[in-house]
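Fold and contact review
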Amino acid sequence: MPTIRDLVSALRHRDGVDAAIVLGRDGLLIDGATDAAFDPDGLAAFVPPMALAAVEMGAAGGRGDFGLMVLEYALGTVVVTAVSADAFLLVLLRPEANLAALLYDLRRFRAQIASLV
C-alpha cells in the first residue's frame, strides 16, 4: 500500500514540480519534498488562511465545499487542494510544468490520495 511519503515523492519527481507538501488544516507539515531553496514548514503555514478565504468565498457564492485552488505567479503556479477533512496538498510548479495533467491526476486520484492521509 502506498504511503503519504510515496505520494509526495511521486509528485515531487514530476517534471516542473519544485515542491509537494501535505499539511494539516492547522498548517503543520505532515510530509513534504521540496527543492533545497524552499522551506516546507514555511510554505505550509501560508495555506490555512488562504484556504479559509476560499471556503468563505465558496459559501458566499453558493459554490459548496472547497476543493482546489490554482494561483498563477510570474515564476510559476501554486496548487492547493483539500485531500481530506484534515489535510491539504500544496504543489509548487515551474512555468514549464504540465499543470493540466497534474490537475487531472489530482481529481482522478482524489479518493486514493485521501485514503493515505
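Structure first, text after, so check above.
Treat the numbers as computed from the prediction; the structure is a model and nothing was measured. (Residues numbered from 1 in each chain as written. Predicted model: local features only at pLDDT ≥ 70, side-chain atom pairs only at ≥ 80, totals over all residues. Heavy atoms only, no water.)

1. What about helix α1 (residues 4–12)?
Each α-helix winds once per 3.6 residues, and so residues spaced three or four apart point in a common direction. Among all positions in α1, only Ile-4, Leu-7, Val-8 and Leu-11 are buried. One side of α1 holds all its buried residues, which, seen down the axis, span an arc of 95 degrees. Check the buried side of α1 and you find it contacts β1 (17–24), β2 (29–34), β5 (87–93), α3 (99–108) and α4 (110–116). (Buried < 20%, exposed > 50% of the residue type's maximum accessible area, 1.4 Å probe, protein only. Helix = DSSP H or I, 4+ residues; strand = E, 2+ residues; numbered from the N terminus. Arc of directions from axis to C-beta. Contact = heavy atoms within 4.5 Å.)

2. Description of the sheet that holds strand β4 (residues 76–82)
A sheet is described by the order of its strands in space; here five strands give the open sequence β2-β1-β5-β4-β3, paired in antiparallel fashion. Sheet topology places β2 and β3 (68–73) at the edges, where each strand pairs with a single neighbour. Adjacent strand axes in the sheet meet at a mean angle of 10 degrees when their direction is disregarded. Across seven bridges, β1 lies against β5 in antiparallel orientation. Each residue of the ladder has a partner; that of Ala-19, found in β5, is Leu-92. Packed on one face of the sheet, α3 meets β3, β4 and β5 and runs near 5 degrees to β4. (Pairing = 2+ DSSP bridges. Axes fitted to C-alpha atoms, helices over the stretch in contact; angles between N-to-C directions.)

3. Looking at the pattern of salt bridges
Once their charged atoms are close, side chains differing in charge can pair, the charge on each being opposite to the other. Using the criterion set out here, one finds four salt bridges in the structure. The partner of Asp-105 in a salt bridge is Arg-14, with the nearest N and O atoms 2.9 Å apart. In this pair, Asp-105 is assigned in helix α3 and Arg-14 in the loop between α1 and β1, connecting sequence segments 91 residues apart. What emerges from the salt-bridge pattern is a single network uniting Asp-18, Arg-94 and Glu-96. (Salt bridge = Lys/Arg side-chain N within 4 Å of Asp/Glu carboxyl O.)

4. A few points about empty space enclosed by the protein
Counted under the stated rule, the structure contains one cavity of 30 Å³ or more. What the largest cavity holds in volume is close to 40 Å³. Thr-81, Ala-82, Val-83, Leu-106, Arg-110 and Ile-113 are the residues that line the largest cavity. Of all the elements in the fold, those that place two or more residues in the lining of the largest cavity are β4 and α4. Counted by class, the lining of the largest cavity contains four nonpolar, one polar and one charged residues. (1 Å grid on protein atoms, 1.4 Å probe; cavity = no way out; pocket = protein on both sides within 12 Å on 5 of 7 lines; lining within 4 Å. Points joined across faces, edges and corners; volume = space filled by probe spheres on them. Nonpolar A, V, L, I, M, F, W, Y, C, P; charged D, E, K, R; others polar.)

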